[in-house]
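Each chain, letter by letter, is given below.
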Amino acid sequence: VERGVPDFVVPFVRGSAFWPARTFARRLWGIGSEAQNQLSESGAADCLPYYSDLTRFDRGSEGYAPDGVLRFLYAGRYSFRKGFDTLIAAIEELRSSGSTAKWTVSLCGDGDLKPLLAEKPELADRVSDLGFQELAEVPAVMKRHDVFVTPSRYDGWGMVVPEALAAGMPVIATHSMGSAQDISGNPACLKRVEAGNAQALAQAMQWFVENKSRIPELGKEATQVSGNYDSVAGAQRFAALVDEALS
């Protein structure tokens, strides 16, 4: 549901959804730590996040900030849940900051909040709408950008964060995004902000604008962090959990 359900309904919905697992499963696997914690209420649970073949996102020789222009990228639905309105407000704030630094934002997707762009013609010199892209085209789009922004109000996990990291992009995410929360060690290539806070998002974007010389270094770290979510790591984790469940 786009804007959520009443809080008092959630326990009943969750209880009904988890009944088969509580009744028949030997062990429960949650996609991310938050799901693991929820499932733990119903029995023994482990964490098994999403994994993917991230080699297709390898940046290769693609550089950063050509001609000194830092390129932000948003990829996802233009919706309230994805924080698209927060992003537009943050772009407005960043644009009005008075900074002479060069930066642009590319939007990749579609959704019901797309009219927000038409209401902000003053952003046309900074924002490009790439529209919906097929999944096979997304890696190439990511490699042509420098910093990924994903301001979701809620995202159960979100493979897009490891994908962006694999493309050598530092990421700005929210504390409400499962994958961003699960990445440990507080790496410099990942900045987390409060969901729905346009000012905090604008400040995080401003940091990258002012520190664009550090993007290549942060991009290398991002690639290393993403390795924890590659299909090889996933196969090893899956095999270990199967062995544990059968022992």
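Every chain is numbered independently, its residues counted from 1 as its sequence is written. Whole-chain, interface and lining totals are the exception, using all residues; otherwise, since this is a predicted model, local features are given only for residues with pLDDT of at least 70 and side-chain atom pairs are given and counted only at 80 or more. Only heavy atoms go into the side-chain values, all of them from the structure, while hydrogens and water stay out.

Caption draft 1: View of the overall build of the protein. Only DSSP runs of H or I covering at least 4 residues are called helices, and only runs of E covering at least 2 are called strands; the numbering of each starts at the N terminus. Looking only at helices and strands, the protein has 10 helices and eight strands in total. Here the C-alpha radius of gyration of the protein, 19 Å, is about what a compact globule of 247 residues would show, namely 18 Å. Buried, partly exposed and exposed residues are distinguished by accessible area as a fraction of the type maximum, computed with a 1.4 Å probe on protein chains only: under 20%, between the cut-offs, and over 50%, respectively. Burial statistics for the protein: of 247 residues in total, 44% are counted as buried. For the protein, contacts bridging at least 24 residues in sequence account for 64% of all contacts bridging at least 6. C-alpha atoms define the radius of gyration in this analysis, and the globule rule sets the expected value at 2.2 Å times the number of residues to the power 0.38. It only takes one pair of heavy atoms within 4.5 Å for two residues to be counted as in contact.

Caption draft 2: Spotlight on unusual backbone geometry. One non-glycine residue, Ala65, lies in the positive phi region at around 45 degrees. With respect to the helices and strands, Ala65 occurs in the loop between strand E2 (45-47) and strand E3 (70-75). For Ala65, a relative accessible area of 15% translates into the label buried. Its identity is not glycine, yet Asp67 carries a phi of approximately 60 degrees, on the positive side. Assignment of secondary structure puts Asp67 in the loop between E2 and E3.

Caption draft 3: Main features of the sheet that holds strand E4 (residues 103-108). Here, any two strands with at least 2 DSSP bridges between them count as paired. Sheet architecture is open: six strands sit in the order E5-E4-E3-E6-E7-E8, paired in parallel fashion. If you trace the sheet from one side to the other, it starts and ends with strand E5 (127-131) and strand E8 (190-193), each paired once. The average undirected angle you get between the axes of adjacent strands in this sheet is 25 degrees. Of the pairings in the sheet, the one linking strand E7 (residues 171-174) to E8 comprises four bridges and is parallel in character. Residue pairing across strands places Val171 opposite Leu190, the latter belonging to E8. With respect to the sheet, helix H3 (residues 84-95) is in contact with E3, E4, E5 and strand E6 (147-149), its orientation differing from that of E4 by roughly 165 degrees. Orientation is described by lines fitted to C-alpha atoms, with helices fitted over the stretch in contact, and by angles between N-to-C directions that extend from 0 to 180 degrees.

Caption draft 4: Quick look at the side chain of Glu163. With respect to the helices and strands, the residue Glu163 is situated in helix H6 (residues 160-166). When sequence neighbours within four positions are dropped, the list of residues in contact with Glu163 reads Leu54, Arg56, Phe57 and Met142.

Caption draft 5: Expanded view of the packing of aromatic side chains. In this analysis, rings of Phe, Tyr and Trp, with Trp reduced to its six-membered ring, are considered paired at centre separations within 6.5 Å, and the interplanar angle assigns stacked below 30 degrees, edge-to-face beyond 60, and tilted for intermediate values. Within the structure shown, the criterion is met by eight aromatic pairs. Between Tyr74 and Tyr78 the ring centres are 6.3 Å apart and the planes differ by 45 degrees, which places this aromatic pair in the tilted class. The two residues Tyr74 and Tyr78 agree in class, both being buried. Three or more aromatic residues link up through ring pairs in this structure, and these residues are Tyr50, Tyr51, Trp157 and Tyr229. If you follow Arg59 out to its NZ or CZ, it ends over the ring of Tyr64, 4.0 Å from the centre. Either the NZ atom of lysine or the CZ atom of arginine qualifies as a charge over a ring when it sits within 6 Å of the ring centre and within 35 degrees of the ring normal. Arg153 extends its terminal NZ or CZ atom over the ring of Phe80, reaching a point 3.8 Å from the ring centre.

Caption draft 6: Just the pairing of E4, in detail. Of all six residues in E4, five are buried, a share of seventy percent or more. Pairing of E3 with E4, which is carried by six bridges, proceeds in the parallel orientation. By the bridge assignment, Tyr74 is partnered in E4 with Leu107. Pairing between E4 and E5: four bridges, direction parallel. Looking at the pairing, Val105 lines up with Val127 of E5.

Note that all results are geometric; they support no functional claim without further evidence.
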